[in-house]
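Architecture at a glance
Given next are the chains, with one letter for each unit.
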Amino acid sequence: METKPVNSQQSTLSSKDSQRIVRRYYQYLKLEKGFSPNTVEAYMRDLDKFLIFIKDEGKDFLHVQLDDLHTFSALMNDIGIQPTSLSRILSGVRSFYHFLVLSDVLEINPTELLEFPKKPKHLPDVLTVEEVDAIESVIDLSLPEGQRNKAIIETLFSCGLRVSELVTLKLSNLFLDDGFIKVEGKGSKQRLVPISQQAIHELQLYFLDRNLLPIPAEYQDFVFVSHRRKKPLTRVMVFLMIKDLVDRAGIHKTVSPHTFRHSFATSLLEGGANLRAIQAMLGHESIATTQIYTHIDTTHLREEILLHHPRNMK
């Protein structure tokens, strides 16, 4: 049975109907638009981010309003999604709603007035070493999550991780005796990243607390877990934690988990590190991406970090 055009007054869409419409959109991209399999999968991955958000908001995609889209866009920005990537995601959402109108599922496209983010004309805010220290100084280490949060700040700053890489970091991928961690980045691509002795120290202190937690077997391998939920932290939880610390430290900059990544790269560049080394550390496929701050072997990579990162300078 075909879904009739809806408006905001109609009842919530059933899960079965939702899945059927999304499958029809998949076929539309594949057959009518003639997109390649990789492009179709990229569209569906981006759409899935939006659908999960809407579900968490207690809505279905047929009853979305412009304010919902603005909230989604703001959240993506807050957790470190860059303007270029956010524009792509929003473009995919707009494509989906264009399909819904084209298919007579909706009468009005809620994305028509949605504004896309502008590319920044300057680098985002970066933190000095003193500001990172100030953020760490306001962490209450008497709280169960205090040492964990300090280890998070040090790991972000010392390794330049994306927040998604931080929350999926595994114990089995820590090689602390060798001074490296293995990170799974975009497209499930793995890279070895040197880690400073200070970050290693904070992690080892955190593990003393973590080892006392009754973590379920399926989450045992995740490094950073919630003390209350006994599950891996989410990107939003890390963002909120950092926002609270920055406010309490009295730092008047726009700071998110991604800020530590920019600060890491900027510190290395200002210290004289090779641009290719920074590219390898950040997991950028193109050197052009790294050059907004202006594959070598792991031995030379570690030398670059030991020489130029402020956490390794005495």
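This section reports on the structure supplied with the text.

Conventions and cut-offs
- Residues numbered from 1 in each chain as written.
- Predicted model: local features only at pLDDT ≥ 70, side-chain atom pairs only at ≥ 80, totals over all residues.
- Heavy atoms only, no water.
- Helix = DSSP H or I, 4+ residues; strand = E, 2+ residues; numbered from the N terminus.
- Buried < 20%, exposed > 50% of the residue type's maximum accessible area, 1.4 Å probe, protein only.
- Areas by Shrake-Rupley, 256 points an atom, 1.4 Å probe, with all protein chains shown as cover.
- Pairing = 2+ DSSP bridges.
- Axes fitted to C-alpha atoms, helices over the stretch in contact; angles between N-to-C directions.
- Parallel < 35°, antiparallel > 145°, perpendicular 65-115°, else oblique.
- Contact = heavy atoms within 4.5 Å.
- Nonpolar A, V, L, I, M, F, W, Y, C, P; charged D, E, K, R; others polar.
- Salt bridge = Lys/Arg side-chain N within 4 Å of Asp/Glu carboxyl O.
- Phe/Tyr/Trp six-rings, centres within 6.5 Å; stacked < 30°, edge-to-face > 60°.

Looking only at helices and strands, one finds 13 helices and 3 strands in the protein chain. By the burial criterion, 48% of the 314 residues in the protein chain qualify as buried. Split by element, the accessible area of the protein chain, about 16,700 Å² in all, is 51% carbon and sulfur.

Let us look at the pairing of strand 2 (residues 180-184). Strand direction decides the pairing type here: strand 1 (residues 174-175) and strand 2, joined by 2 bridges, are antiparallel. By the bridge assignment, F175 is partnered in strand 2 with F180. Linking strand 1 to strand 2, which pair antiparallel, is a turn of 4 residues; within it G179 sits at a positive phi near 80°. Of the strand pairs in this sheet, strand 2 and strand 3 (residues 190-194) are connected by 5 bridges, and their pairing is antiparallel. Residue pairing for strand 3: E184 is matched across the bridge by Q190.

At a minimum axis distance of 11 Å, the contact between helix 6 (residues 146-159) and helix 9 (residues 235-249) shows a crossing angle of 95°. Here helix 6 lies roughly perpendicular to helix 9, going by the angle between them. Together, N149, I152, I153 and L156 of helix 6 and V238, M241, I242 and L245 of helix 9 make up the contact between the two elements. Residues belonging to the contact of helix 6 with helix 9 are distributed by class as follows: 7 nonpolar, 1 polar and no charged.

Right, let's get into the pattern of salt bridges. In total, this model carries 10 salt bridges according to the counting rule given. The closest approach of N and O atoms between D68 and K59, which form a salt bridge, is 2.8 Å. With a relative accessible area of 11%, D68 lands in the buried category. Under the relative-accessibility criterion, K59 is labelled partly exposed at 34%. The shortest N-O distance in the salt bridge between D244 and R248 comes to 3.2 Å. Here D244 and its partner R248 are both found in helix 9, 4 residues apart, which amounts to about one turn of the helix. A single salt-bridge network, built from bridges that share partners, covers D46, K49 and R88.

On to the packing of helix 1 (residues 15-32) against helix 4 (residues 83-102). Look at helix 1 against helix 4: their axes get within 11 Å of each other, and the N-to-C directions meet at 100°. By the criterion of interaxial angle, the relationship of helix 1 to helix 4 is roughly perpendicular. Within the contact between the two elements, helix 1 uses I21, R24, Y25, Y28 and L29 and helix 4 uses G92, S95, F96, H98, F99, L100 and L102. The residue inventory of the contact of helix 1 with helix 4, partitioned by class, reads 8 nonpolar, 3 polar and 1 charged.

Okay, unusual backbone geometry next. Apart from glycine, the bulk of residues carry a negative phi angle, and the bulk of peptide bonds sit in the trans form. The backbone phi angle of D104 is positive, close to 65°, even though this residue is not glycine. In this fold, D104 is placed in the loop between helix 4 and helix 5 (129-137). Phi at K230 is positive, roughly 60°, even though this residue is not glycine. Tracing the backbone shows K230 in the loop between helix 8 (197-210) and helix 9.

What follows concerns the packing of aromatic side chains. The geometry of an aromatic ring pair is captured by two quantities: the separation of the ring centres and the angle between the planes. Under the counting rule described, the total for this entry stands at 13 aromatic pairs. An angle of 50° between the planes, with centres 5.3 Å apart, marks the rings of F53 and F72 as tilted. Taken together, the residues span a long stretch of sequence, with F53 in helix 2 (residues 37-56) and F72 in helix 3 (residues 66-78) at a distance of 19 residues. Just as F53 is buried, F72 falls in that class too. Site record: aromatic cluster; members linked through ring pairs are Y25, Y28, F50, F53, F61, F72, F96, Y97 and F99.

Moving on: the sheet that holds strand 2. Read from one edge to the other, the open sheet built from 3 strands follows the order 1-2-3, with strand pairing classed as antiparallel. The sheet is open, and its two borders are formed by strand 1 and strand 3, each paired with just one other strand.

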